[in-house]
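One letter stands for each residue in the lines below.
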Amino acid sequence: MGAEIRVGAGWDSHEFAPGRPLWLGGLKIEHPLGLAGHSDGDVLLHAVCDALLGAIGAGDIGTHFSPNEAQWKGAASERFVRHAVQLIHRGGWRLVNLDANLILNQPKIQPLQAQLRESVAVLLGTTSDRISIKAKSPEGLNAPNTAIAQVTVLLQREGTHEA
Ligand code: MG
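Note that the coordinates shown come from a computational prediction; the quantities given were computed from them, not determined experimentally. (Residues numbered from 1 in each chain as written. Predicted model: local features only at pLDDT ≥ 70, side-chain atom pairs only at ≥ 80, totals over all residues. Heavy atoms only, no water.)

Colleague: Looking at this model, I keep getting lost on unusual backbone geometry. Mind explaining?
Modeller: Backbone geometry follows two general trends: most residues other than glycine have a negative phi, and most peptide bonds adopt the trans configuration. Glutamine 106 connects to proline 107 through a cis peptide bond whose omega is -10 degrees. Looking at the element boundaries, proline 107 is found in the loop between strand E5 (94-103) and helix H4 (113-123). The backbone of asparagine 142 shows a phi angle near 55 degrees, a positive value even though the residue is not glycine. By the secondary structure assignment, asparagine 142 is in the loop between strand E6 (131-136) and strand E7 (146-157). (Helix = DSSP H or I, 4+ residues; strand = E, 2+ residues; numbered from the N terminus.)

Set out below in structure tokens:
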């Protein structure tokens, strides 16, 4: 049997708010505003997590880490991603590549791109050549204070596993 492949799609949005650190892709970024949310608000990692879970049909981030549970308040989103990575590895899956769009006005992503790719690659146990992070401004969305992340992943496993 040949290799099996799966695609996963993740999407998330968070609003910028004062008095919070900005976390993106597992990096703490110098910026006057952070992203609001129950956890650290890392919109990119939340979409990464949902894409991974979606690819293996394992629900979404809220299934595994309910926002109603106090233990996840202020949680580092790295934990969510590490859990999703464990699940895909347990199923014999490996990441082929990840492609992300970040839609936000500020901060400018271009100067951070290499660092973001590296950070996400390390979290996913892969190399940054398999990680793409692109950025757009939210034109016409009437959401100037919102950060949106959209992530697609492709997973592959050799055909020795039961479905
Ligand atoms: Mg979120």
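Here the narrative resumes.
Colleague: What should I look at first to understand the sheet that holds E7 in this one?
Modeller: Sheets are built from strands that pair by backbone hydrogen bonding, the pairs being arranged parallel or antiparallel. Pairing in this open sheet of 5 strands is mixed, and the strands run E4-E1-E7-E5-E6 from one edge to the other. The sheet is open, and its two borders are formed by strand E4 (33-35) and E6, each paired with just one other strand. Here the strands of the sheet are splayed against their neighbours by 20 degrees on average, with no regard to which way each runs. Sheet contacts for helix H1 (residues 43-55): strand E1 (4-18), E4, E5, E6 and E7; angle to E1, the most-contacted strand, approximately 155 degrees. (Pairing = 2+ DSSP bridges. Axes fitted to C-alpha atoms, helices over the stretch in contact; angles between N-to-C directions. Contact = heavy atoms within 4.5 Å.)

Colleague: Help me understand the coordination of the magnesium ion, please; the structure alone is not making it clear to me.
Modeller: Each donor-metal-donor angle would ideally measure 109.5 degrees in four-coordinate tetrahedral geometry, or 90 or 180 degrees in six-coordinate octahedral geometry. Only Asp12 (OD), His14 (NE2) and His46 (ND1) from the protein coordinate the magnesium ion, and they sit 2.0 to 2.2 Å from it. Counting gaps between the donor residues of the magnesium ion yields the pattern D-x1-H-x31-H. Residue aspartate 12 shares its accessibility class with histidine 14, and that shared class is buried. (Donors = N, O, S within 2.8 Å, 3.2 Å for Na, K, Ca; no water. Buried < 20%, exposed > 50% of the residue type's maximum accessible area, 1.4 Å probe, protein only.)

Colleague: How should I be thinking about the nonpolar core in this particular structure?
Modeller: Nonpolar side chains in soluble globular proteins tend to be buried together. Leu24, Leu44, Leu52, Leu98, Leu102 and Leu124 are the most contacted members of the largest nonpolar core, which totals 48 residues. Among the secondary structure elements, those contributing two or more residues to this core are strand E2 (22-24), strand E3 (27-29), H1, helix H3 (77-90), E5, H4, E6 and E7. With 10 residues, the top contributor of residues to this core is H1. When sequence neighbours within four positions are dropped, the list of residues in contact with leucine 52 reads Ala84, Val85, Ile88, Leu95, Leu124, Val153 and Leu155. (Core = buried A, V, L, I, M, F, W, Y, C linked by side-chain atoms within 4.5 Å.)

Such coordinate-based values are descriptive only and should not be taken to indicate function.
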